[in-house]
Amino acid sequence: MASPHVHYHEPACPHAGCQQRMEWIDFQLELFGDPEGIYKPLVRSWWEGVGFVGRCPGCGGWIRFTTLRMEAVTDDQAGQFPKLPDNWHTVAQFA
Ligand SMILES: [Zn+2]
């Protein structure tokens, strides 16, 4: 299964007041070099439609990323999903 590469039709961060835009994201999960801890669980969750969460590089709020959309989630909700590493936004490519 391929590392998630997505285009969002609504590219604005889902947190109110945040100016961050992420229209195209190539998460490049293979670059973390942790196939069992990161790549496999996150890729599986992505293609199952559950997606994963990571902090917005703009506002720091939790975002749930799925194939369809970005969704704002609380700290509690974020705990229910697989998590991107803290530095995910320095590894991913954005446009
Ligand atoms: Zn944000």
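Scroll up to find the structure.
Okay, so let's go over this structure. These numbers come from a predicted model, not from an experiment.

Parameters and conventions
Residues numbered from 1 in each chain as written. Predicted model: local features only at pLDDT ≥ 70, side-chain atom pairs only at ≥ 80, totals over all residues. Heavy atoms only, no water. Helix = DSSP H or I, 4+ residues; strand = E, 2+ residues; numbered from the N terminus. Salt bridge = Lys/Arg side-chain N within 4 Å of Asp/Glu carboxyl O. Buried < 20%, exposed > 50% of the residue type's maximum accessible area, 1.4 Å probe, protein only. Donors = N, O, S within 2.8 Å, 3.2 Å for Na, K, Ca; no water. Tetrahedral: all angles 85-135°; square planar, octahedral: opposite > 155°, others 65-115°.

1. A word on the environment of Arg44
Its place among the elements puts Arg44 in helix 1 (residues 35-48). Along the backbone, Arg44 and Met70 are 26 residues apart, and their C-alpha atoms lie at a distance of 18 Å.

2. Things to note about the pattern of salt bridges
Within this structure, the stated rule accounts for 2 salt bridges. Two residues, Lys40 and Glu36, come together in a salt bridge whose shortest N-O distance is 2.8 Å. Of the two residues, Lys40 and Glu36 are both situated in helix 1; the distance of 4 residues between them amounts to about one turn of the helix. What makes Lys40 partly exposed here is its relative accessible area of 39%. A salt bridge links Arg64 to Glu71, with the shortest nitrogen-to-oxygen separation between them at 3.3 Å.

3. Some remarks on the coordination of the zinc ion
The protein atoms that coordinate the zinc ion are Cys13 (SG), Cys18 (SG), Cys56 (SG) and Cys59 (SG), at distances of 2.3 to 2.4 Å. For the zinc ion, the 4 donor atoms in the first shell make angles of 107 to 112° at the metal, so the coordination geometry reads as tetrahedral. Linear spacing of the donor residues for the zinc ion on their chain is C-x4-C-x37-C-x2-C. One end of the pair, Cys18, is in the loop between strand 1 (5-7) and strand 2 (24-26); the other, Cys59, is in the loop between strand 3 (52-55) and strand 4 (62-65), and 41 residues separate them in sequence. Among the residues examined, Cys18 registers a relative accessible area of 14% and is labelled buried.

4. Some thoughts on the environment of Thr74
Along the chain, Thr74 turns up in the loop between strand 5 (70-73) and helix 2 (75-78). Remark: the alpha-carbon pair of Thr74 and Val91, spanning 17 residues in sequence, is separated by 24 Å.

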